[in-house]
Amino acid sequence: MAVNYGSKRLAVGAHYGLRDWLAQRVTATLMALFTLILLEQVIFNKGPMGYDKWAGIFSGQCMKFLTFVVIIALLYHAWVGIRDIWMDYVKPVAVRLTLQVLSIVWLVGCAGWAIQVLWRV
């Protein structure tokens, strides 16, 4: 007879729980800090905000690096959320795999576009 309780309990699934929970919190914190830094730059900037001021904010290597890290964090944050939605609500494996592949392609495309925009500044 199989034991279905205690330390020998057989749990099924992908076992992403704690790692993904922690990743969501870390990436969300990083994005929140970035938002505060960006707001500080905008609020305490003298004069009207135009293209020149926005370009000035993102022209430094430190800000480009931080923005790049936040783009990657956003990509991973979105992937974990989208993947969990597909895993929880889409039961046919072929449909779920197709949606996951399309999601990855879309997210990588968005990240590539964002990085291209960042390095154009």
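To be clear, the structure that these remarks concern was listed above.
Residues numbered from 1 in each chain as written. Predicted model: local features only at pLDDT ≥ 70, side-chain atom pairs only at ≥ 80, totals over all residues. Heavy atoms only, no water.

Draft legend 1. Looking closely at the pattern of salt bridges. All chains considered together, the criterion is met by three salt bridges. A salt bridge links Asp 20 to Arg 19; the shortest N-O distance between them is 3.7 Å. The salt bridge involving Asp 84 is made with Arg 83; its shortest N-O contact spans 3.1 Å. Residues joined in a network through salt bridges with shared partners are Arg 19, Asp 20, Arg 83 and Asp 84. (Salt bridge = Lys/Arg side-chain N within 4 Å of Asp/Glu carboxyl O.)

Draft legend 2. The packing of helix H1 (residues 17-43) against helix H3 (residues 61-89), seen in detail. Contact pair H1 / H3: the axes reach a minimum separation of 9 Å and the direction vectors enclose 140°. Of the possible angle classes, the one that applies to H1 and H3 is oblique. Between H1 and H3 lies a crossing of left-handed hand. Here the contact of H1 with H3 is composed, by residue class, of 15 nonpolar, five polar and four charged. (Axes fitted to C-alpha atoms, helices over the stretch in contact; angles between N-to-C directions. Helix = DSSP H or I, 4+ residues; strand = E, 2+ residues; numbered from the N terminus. Parallel < 35°, antiparallel > 145°, perpendicular 65-115°, else oblique. Left-handed = near helix turned anticlockwise from the far one by under 90°. Nonpolar A, V, L, I, M, F, W, Y, C, P; charged D, E, K, R; others polar.)

Draft legend 3. Representation of the nonpolar core in the model. Judged by nonpolar contacts, Met 31, Phe 34, Leu 38, Ile 57, Phe 58, Met 63, Val 70, Ile 71, Ala 111 and Leu 118 together constitute the single largest core of ten residues. Contacts of Met 63, omitting those with residues within four sequence positions, involve Phe 34, Leu 38, Ile 57 and Phe 58. (Core = buried A, V, L, I, M, F, W, Y, C linked by side-chain atoms within 4.5 Å. Buried < 20%, exposed > 50% of the residue type's maximum accessible area, 1.4 Å probe, protein only. Contact = heavy atoms within 4.5 Å.)

Draft legend 4. How the structure looks around the layout of surface pockets. Looking at the largest pocket, its volume works out to about 350 Å³. For the largest pocket, the lining is made up of 18 residues, of which Thr 67, Val 70, Ile 71, Leu 74 and Ala 114 are closest to its centre. Looking at the lining of the largest pocket, the elements with two or more residues in it are H1, H3 and helix H4 (93-120). With seven residues, the top contributor of residues to the lining of the largest pocket is H4. Residue composition of the lining of the largest pocket, grouped by class: 16 nonpolar, two polar and no charged. (1 Å grid on protein atoms, 1.4 Å probe; cavity = no way out; pocket = protein on both sides within 12 Å on 5 of 7 lines; lining within 4 Å. Points joined across faces, edges and corners; volume = space filled by probe spheres on them.)

Draft legend 5. The arrangement of the packing of aromatic side chains in detail. Summed over the entire model, instances satisfying the criterion amount to two aromatic pairs. Measuring from centroid to centroid gives 6.2 Å for Trp 54 and Phe 58, while their planes differ by 15°, and the two rings are stacked. Here Trp 54 pairs with Phe 58, and both are found in helix H2 (residues 51-59), just four residues apart, close to one helical turn. According to the relative accessible area criterion, Phe 58 is buried, its value standing at 14%. Plain terms: the ring middles of Phe 68 and Trp 119 are 6.0 Å apart, the flat faces sit at 85° to each other, and that makes the pair edge-to-face. A residue pair is termed long-range when its members are at least 10 positions apart, and Phe 68 in helix H3 and Trp 119 in helix H4 qualify at 51 residues. Residue Trp 119 is classed as partly exposed on the basis of its relative accessible area, which comes to 43%. (Phe/Tyr/Trp six-rings, centres within 6.5 Å; stacked < 30°, edge-to-face > 60°.)

The analysis is restricted to geometry; functional conclusions fall outside its scope.
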